[in-house]
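# Examination of the molecular architecture
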Amino acid sequence: MSYFKTFLTSLKLFILLSTSLALAENPKNIIAANVNEHIITAQDVLDAYGRLPAKLKEKPLPELYPNIINELINQHLITEQAYKEKLDLNKTVIDQIKKNKDQILARFWINNFLLNQTKRENIELFYNNYLKAFKSSKEFNASHILVKEEQQALEILKKLENKAKFSELAKTQSIGPSGKNEGKLGWFTSGQMVKEFEKAVFSLKKGEITKKPVKTKFGFHIILLNEVRNSKPKKLSEIQQNIINRIKKNSLSNLEKKLRKNRKIIINDFKDVAQKVNN
């Protein structure tokens, strides 16, 4: 197997598997390129790939791979030249290295902290608390046709009275984004729609259409109530990522409070700082 194929195989495993699982071959041990005695590994490529702007990552990896490798080679050769000129002893460089080292340490610590906070048992605990606190409520499934002018809405209502299909009129007449989907809005609960729209939906029975156009800030709506049901708690698989995000957010907020407690922190006014910089 070529180095490139081995690299791609390891990359797929690296992304798909948890770091706690053994990889077929560690990316750190896979050689991607040599510059004399210096070795560039698949892990170096992965790290460089991770630093790329999001726009560049949209390109396929085989297309990016040669550029990444050549950049890493150039970086090594330039670094060699900098050492030859003893740039590593320059005070400005030393200060910058110290700052970068601090940032790397902080980022590494935070990543480990968040990994620990989002362990399986913590996710399950959060989910179990969600189940205990869950209260069922009414959920509504509706479709609508949205137009700018009331007169147009009235004309559509007449067509519906004459047995025209709601779904077809939604596709051809509605200016709302749901129009292309036959006006279907899916399931929603109280508080998710504007008040006028919500009030009209709540007054309907299953299968009914509003008798008058409903005016909101978006225009005039004709609403069809498709279904009503009692809400049920979501499965863990459906909300796991939301739970992880919530745990991370709460953990970081609590961490900030904990770290700052009993610390003397002074933040100088921006104008004062800017004035000193410009003087």
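Figured I'd write up the structure that's included with this text. (Residues numbered from 1 in each chain as written. Predicted model: local features only at pLDDT ≥ 70, side-chain atom pairs only at ≥ 80, totals over all residues. Heavy atoms only, no water.)

## Side note on the overall build of the chain
Of the regular secondary structure elements, the chain holds eleven helices and six strands. In terms of principal-axis extent, the alpha carbons of the chain reach across some 85 × 60 × 50 Å. Considering the chain as a whole, with its 279 residues, one finds that 27% of them fall into the buried category. For the chain, the share of sequence-separated contacts (at least 6 apart) that also reach a separation of at least 24 residues comes to 61%. Working note: accessible area of the chain is about 21,100 Å², and carbon and sulfur atoms make up 53% of it. Mean positive and mean negative side-chain charge positions of the chain (50 and 29 charges, respectively) differ by 7 Å. (Helix = DSSP H or I, 4+ residues; strand = E, 2+ residues; numbered from the N terminus. Buried < 20%, exposed > 50% of the residue type's maximum accessible area, 1.4 Å probe, protein only. Contact = heavy atoms within 4.5 Å. Areas by Shrake-Rupley, 256 points an atom, 1.4 Å probe, with all protein chains shown as cover. Lys, Arg positive; Asp, Glu negative; His and termini not counted. Charge placed at Lys NZ, Arg CZ, Asp CG, Glu CD.)

## Thoughts on the side chain of Thr-118
Note on placement: Thr-118 falls in the loop between helix H5 (91-117) and helix H6 (120-133). The class for Thr-118 is buried, based on a relative accessible area of 15%. Within polar-contact distance, the side chain of Thr-118 engages the backbone oxygen of Leu-114 at 2.7 Å. Setting aside chain neighbours within four positions, we find Thr-118 in contact with Ile-123, Ile-244, Ile-247 and Lys-248. (Polar contact = N/O pair within 3.5 Å; in protein donor to acceptor, adjacent residues only side chain to side chain.)

## Concerning the sheet that holds strand S6 (residues 219-230)
An order of S4-S3-S6-S5 is seen for the four strands of this open sheet, with the pairing classed as antiparallel. Unpaired on one side and paired on the other, strand S4 (184-188) and strand S5 (214-216) mark the two borders of the sheet. Each strand of the sheet is rotated relative to its neighbour by a mean of 40 degrees, with strand direction disregarded. Against the sheet, helix H7 (residues 150-161) touches strand S3 (138-147) and S6, its axis set at about 50 degrees to S6. Relative to S5, helix H9 (residues 195-202) is tilted by about 155 degrees, and along the sheet it contacts S3, S4, S5 and S6. (Pairing = 2+ DSSP bridges. Axes fitted to C-alpha atoms, helices over the stretch in contact; angles between N-to-C directions.)

## Observations regarding the pattern of salt bridges
Evaluation of the coordinates by the stated rule reveals nine salt bridges. The partner of Glu-58 in a salt bridge is Lys-55, and the shortest N-O contact between them spans 3.7 Å. Across the pair, Lys-55 and Glu-58 agree in class, each one exposed. Across the pair Glu-139 and Arg-229 runs a salt bridge whose closest N-O atoms are separated by 2.7 Å. Taken as a pair, Glu-139 in strand S3 and Arg-229 in strand S6 lie far apart in primary sequence, 90 residues in all. (Salt bridge = Lys/Arg side-chain N within 4 Å of Asp/Glu carboxyl O.)

## Side note on the packing of helix H2 (residues 42-50) against helix H4 (residues 61-84)
Two numbers describe how H2 lies on H4: the axes approach to 10 Å, and their chain directions differ by 105 degrees. The orientation of H2 with respect to H4, classified from their angle, is roughly perpendicular. On H4, the residues that touch Asp-44, Val-45, Ala-48 and Tyr-49 of H2 are Leu-61, Leu-64, Tyr-65, Ile-68, Ile-69 and Leu-72. Classifying every residue of the contact of H2 with H4 gives nine nonpolar, no polar and one charged. (Parallel < 35°, antiparallel > 145°, perpendicular 65-115°, else oblique. Nonpolar A, V, L, I, M, F, W, Y, C, P; charged D, E, K, R; others polar.)

## Some details on the packing of aromatic side chains
Summed over the entire model, instances satisfying the criterion amount to six aromatic pairs. Between Tyr-130 and Phe-134 the ring centres are 6.0 Å apart and the planes differ by 65 degrees, which places this aromatic pair in the edge-to-face class. Each member of the aromatic cluster is reached from another via a ring pair, and the members are Phe-140, Phe-188, Phe-197 and Phe-202. Geometry around Tyr-49 places Lys-57 over its ring, the cationic atom sitting 5.5 Å from the centre. (Phe/Tyr/Trp six-rings, centres within 6.5 Å; stacked < 30°, edge-to-face > 60°. Lys NZ or Arg CZ within 6 Å of the ring centre and 35° of its normal.)

## Regarding helix H10 (residues 236-260)
With 25 residues, H10 should cover 36 Å at 1.5 Å per step; its first-to-last C-alpha distance of 34 Å lies within 8% of that length. Of the surrounding elements, those touching the buried residues of H10 are H5 and H6. Positive phi appears at Asn-262, one or two residues downstream of H10, with a value of about 60 degrees. (Expected span 1.5 Å × (residues − 1).)

## Overview of the pairing of strand S2 (residues 38-41)
Here strand S1 (residues 31-35) runs beside S2; their pairing, made up of four bridges, is antiparallel. Paired with Val-35 across the bridge in S2 is His-38. The turn joining S1 and S2, which pair antiparallel and follow one another in sequence, is formed by two residues; a positive phi near 55 degrees is taken by Asn-36.

## As for the packing of H7 against helix H8 (residues 166-173)
Between H7 and H8, the least distance of the axes is 10 Å, while the angle of their chain directions is 155 degrees. As the angle between them shows, H7 and H8 are arranged roughly antiparallel. Along this stretch, H7 crosses H8, giving a crossing that reads as right-handed. For the pair H7 and H8, the contacting residues are Gln-152, Ile-156, Lys-159 and Leu-160 in the first and Phe-166, Leu-169 and Gln-173 in the second. (Left-handed = near helix turned anticlockwise from the far one by under 90°.)

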